[in-house]
Structures are given as structure tokens and as C-alpha cells.
Amino acid sequence: MLQSLAGSSCVRLVEQHRSAWCFALLVLGYLLYLVFGAVVFSSVELPYEDLLRQELSKLKQRFLEEHACLSEQQLEQFLMRVLEASNYGVSVLSNASGNWNWDFTSSLFFASTVLSTTGYGHTVPLSDGGKAFCIIYSVIGIPFTLLFLTAVVQRIIVYVTRRPVLYFHIRWGFSKQVVAIIHAMVLGFVTVSCFFLIPAAIFSVLEDDWNFLESFYFCFISLSTIGLGDYVPGEGYNQKFRELYKIGITCYLLMGLIAMLVVLETFCELHELKKFRKLFYVKKDKEEDQVHIMEHDQLSFSSISDQAASMKDDQKANEPFVNSQSPTSNDSSLNN
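About the criteria used
Every chain's residues receive numbers from 1 upward, in the order its sequence appears when written. Where local features are concerned, this predicted model is filtered to residues with pLDDT of at least 70; where side-chain atom pairs are given and counted, the filter is 80 or more; whole-chain, interface and lining totals use all residues. Based on all heavy atoms of the structure, the side-chain values leave hydrogens and waters out of the count. UniProt positions are given in the numbering used here, feature names are shortened, and annotations may be inferred rather than shown by experiment. Runs of H or I in DSSP of at least four residues are treated as helices and runs of E of at least two as strands, each being numbered from the N terminus. Only protein chains enter the calculation, and the probe is 1.4 Å; a residue is then buried if its accessible area is under 20% of its type maximum, exposed if over 50%, and partly exposed in between. Note on contacts: a residue pair is in contact if any heavy atoms of the two residues lie within 4.5 Å. By nonpolar core is meant a set of buried Ala, Val, Leu, Ile, Met, Phe, Trp, Tyr and Cys residues that side-chain atoms within 4.5 Å join together. The term salt bridge refers to a side-chain nitrogen of Lys or Arg lying within 4 Å of a carboxyl oxygen of Asp or Glu. A patch is a set of surface residues, each over 30% in relative accessible area and not in a salt bridge, joined within 9 Å for like charges and within 5 Å for the nonpolar side chains Val, Leu, Ile, Met, Phe, Trp and Tyr. The protein chains shown are the only cover counted for residues, whose accessible areas, like all others here, come from Shrake-Rupley with a 1.4 Å probe. Pairing of aromatic side chains here covers Phe, Tyr and the six-membered ring of Trp, requires ring centres within 6.5 Å, and sorts the geometry by plane angle: under 30 degrees stacked, over 60 edge-to-face, intermediate tilted. A ring has a charge above it when a Lys NZ or an Arg CZ is no more than 6 Å from the ring centre and no more than 35 degrees off the ring normal. What qualifies as a polar contact is a pair of N or O atoms within 3.5 Å, subject to a donor-acceptor requirement within protein and to the restriction that residues adjacent in sequence count only when both atoms come from side chains. As a rule, the C-alpha atoms of each element are fitted with a line to give its axis, helices using only the stretch in contact, and angles between N-to-C directions run from 0 to 180 degrees. Throughout, the term roughly parallel applies to angles under 35 degrees, roughly antiparallel to angles over 145, roughly perpendicular to angles from 65 to 115, and oblique to all others. Each crossing is labelled by how the near helix is turned from the far one, with a counterclockwise turn of less than a right angle marking it left-handed and a clockwise turn marking it right-handed. Under the grouping applied here, Gly and all other residues not named as nonpolar or charged are polar, the nonpolar ones being Ala, Val, Leu, Ile, Met, Phe, Trp, Tyr, Cys and Pro and the charged ones Asp, Glu, Lys and Arg.

Labelled according to an unreviewed UniProt entry, the protein chain appears under the name Potassium channel subfamily K member 1, originating from Sinosuthora webbiana. The UniProt entry for the protein chain carries the following text under Sequence similarities (unreviewed entry): "Belongs to the two pore domain potassium channel (TC 1.A.1.8) family."

And the structure:
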């Protein structure tokens, strides 16, 4: 008897604080996922880092042995200056001296990466004035970009997602949830093909040192706004049509980012994902619900009738097979 009472009380306690328990599991799962990623990256990349360090140490010792007139301190000072310039996107190599990082097309590419928060880190402002302007430009430009992307995605998703789903649901009688799932999968496949696979194949041809995996890696890192900066297109030696190439990459990044947001919004509108997200949200208080009910009760009957009339007009406009007749023609037919 006591065990059954204790079990029922525990079940009631869990049900009452279900959202808190789900949120605690979400936090725990996220922390475990971070630890899992750290363990995998460390085990995979640490041996390669060790080999690279050993190779650089051997090259340095060999260079000092072949150039006895040069001290180790002088060499390290030179290398520090070279690495510092390289962090600013300026290379000391002769085969990269022809590429300027701050011409108009490169600056346009930099501005797009700043506003989209991609930030490759390959090219950064050199002067104090440029750094100050970058702060002001980003403070204004990033919210402006979010507003722009939100407005664009809101309009695109009406024609790309909502209307096709409603069309198959109303005209063909399919379940709306099933149609939404199939549509989201098809849209995701089309987006991956048009903005990942095809561009990766193009980049693998245009970039001499990139294979298909590296090109696909660049597309994913860019469109996910991670922007590690280890691969930046258009920086090769004697890149043909570099200005036009940079403008094309800028357009690709903006269009790809919009496509990614459309796909994410489409998946977020799925009924199953909405139910899953609600598990981790805080439930509204009853007082807030009553306030919302009072606000709805204060709606005038005239506004409701106007909305109903507009909905009827929209339904008639969307029925191409129904011929609308004017009142005069109906009166004449009745008189006859």
C-alpha cells in the first residue's frame, strides 16, 4: 500500500514538473554532446598536430644549420612578423603578392561575411579607424540583416512551403501532416543539391588545391555561418576573373543563407517538431491565459464579420473552376 502511494506521488511530482525535468535532460544532453565532440576532435586531430610540430622543428633546425650566419633569435623575429602579417591576410610569398585584400570586390565580400556573422577571419581591418568602423557597421548592420532576412524568408515560405502544402491537402485530400513531412524532405534534398553538392563540384574545379570534400566542407562551414576561415575561395595564385568570382561568391552566400533559413523554418513548422519543442518550454500561467481570453472576447462582431467576408472572397478567388456571376445577370435570369 505504501509503495503504491509512493509510486503515485512520484508520478504526480514528475507530471507536475515535466517541463523542468525535460529542460534538465536537455541541458545534460547538450553538455554531454560538447564533451563528446571535444573527445573526438582531440583524439583525431592531436596526432596530426604533433606530426606538424615535429616537421616544423626539423625544418627550422635544418635551415639554421644551412645558414650559420643567421641566429635563431633573428629567425624567430622574422617568423613572428610574417605570422602576424598572415593573420591580417597579407602573405609574404611571392605567388600571393598580386592579390589585394581591400579592393572593392574583396571589401564587398568582407562586408557580406561581417553582416551574415560568417566571419572567416582571413581578412581583418588593419587600421584603428577600420576597426572602429567595423564595430559601428556591425552594430547597425547585423540587426538590419536579420530584419532583411526575416522579411525575405517570410515571403518566400508562403509560396515555397505553405501554399504547396495546402494545395495538396485541399485539392487531393492528403493528410496535412504527411504532406508537410514529405514537402520538408523534398525541399531539404533540393536545397542540399543546389547549394551544397553542385557548388562543391564547381569549387573543386575552380580552386586548384580543393577536392570535392574540401569544397563541400567550405559550403557547409559558410552557409552554417561557422566561418572557420581555413578555406577561402578566390585567394589562389593568378585567379582568373577574381573580381567577378568574388561577387559571385557573395551572391552565393546570401542566397544560400536565405535557402537555409527557409528550410529551417519549414522544418520548424512541422507538427511533430512543435510538440517536441513544447516539452522544454515553460508553460504559461493561468492568469496570462485569462488575459488572452479577455482580449479575444473584446473583439467586435463587425471585425469578425469583416474577416469572414474577406475569407469568403479569398476562397472564391482561389477557385478557378467556379464562374462568378454578376448580380444583374442573376436578376435577369430570375425575371425570365
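Description of the overall build of the protein chain
A tally of regular secondary structure across the protein chain gives twelve helices and zero strands. Along the protein chain, helices and strands appear, N-terminal first, in the series α-α-α-α-α-α-α-α-α-α-α-α. Expressed as a percentage of the 336 residues in the protein chain, the buried residues total 22%. Within the protein chain, contacts between residues at least 6 apart in sequence are counted, and of these 60% link residues at least 24 apart.

Looking at the nonpolar core
Counting 16 residues, the largest nonpolar core has Phe203, Cys219, Tyr252 and Leu253 as the members making the most contacts within it. Listed by contribution, the elements that provide at least two residues to this core are helix H6 (176-206), helix H7 (212-223) and helix H8 (242-268). Top contributing element to this core by residue count: H8, with five residues. Beyond its immediate stretch of four places on either side in the chain, Phe203 contacts Trp210, Ser215, Phe218, Cys219, Pro233, Tyr245, Ile249 and Tyr252.

Quick notes on the pattern of salt bridges
Side chains bearing opposite charge may pair, as long as their charged atoms lie close to each other. Enumeration over the complete set of coordinates arrives at four salt bridges. In this structure, Lys60 engages Glu72 in a salt bridge whose closest nitrogen and oxygen atoms are separated by 3.1 Å. With a gap of twelve residues between them, Lys60 in helix H2 (residues 18-66) and Glu72 in helix H3 (residues 72-87) connect regions that are remote in the sequence. Judged by its relative accessible area of 22%, Lys60 is partly exposed. You can call Glu72 partly exposed: its relative accessible area is 39%. Ionic pairing is found between Glu269 and Arg162, a salt bridge with its closest N-O pair at 2.7 Å.

Things to note about a nonpolar patch on the surface
A cluster of nonpolar side chains, namely Val192, Leu197, Ile198, Ile202, Val205, Leu206 and Phe212, defines an oily patch on the protein surface of about 600 Å² accessible area. Structurally, Leu197 can be placed in helix H6.

Thoughts on the packing of aromatic side chains
The full count for this structure, using the stated rule, is 14 aromatic pairs. The ring centre of Phe109 lies 4.4 Å from the NZ or CZ of Lys246, which sits over that ring.

Overview of the side chain of Ser112
The residue Ser112 is located in helix H4 (residues 104-115) in this model. Relative accessible area serves as the criterion here: at 10%, Ser112 is assigned to the buried category. Within the local environment of Ser112, its side chain forms a polar contact with the backbone oxygen of Phe109, the two atoms lying 2.7 Å apart.

Observations concerning the environment of Ile198
Looking at where Ile198 falls in the secondary structure, it is placed in helix H6. Owing to a relative accessible area of 47%, Ile198 belongs among the partly exposed residues under this scheme. For the pair Ile198 and Phe216, spaced 18 residues apart in sequence, the C-alpha to C-alpha distance is 9.2 Å.

Let's talk about the packing of H6 against H8
When two helices pack together, their arrangement is given by the angle between the helix axes and the distance between those axes. H8 packs onto H6 with a crossing angle of 160° between their chain directions and a minimal axis gap of 10 Å. Taken together, the axis directions place H6 and H8 in an arrangement best described as roughly antiparallel. As for the relative orientation of H6 and H8, their crossing is left-handed in sense. Side by side, H6 and H8 meet where His183, Ala184, Met185, Leu187, Gly188, Thr191, Phe195, Phe196, Pro199, Phe203 and Leu206 of the first sit next to Tyr245, Ile249, Tyr252, Met255, Gly256, Ala259, Met260, Val262, Val263, Thr266 and Phe267 of the second. Across the contact of H6 with H8, the residue classes break down as 17 nonpolar, five polar and no charged.

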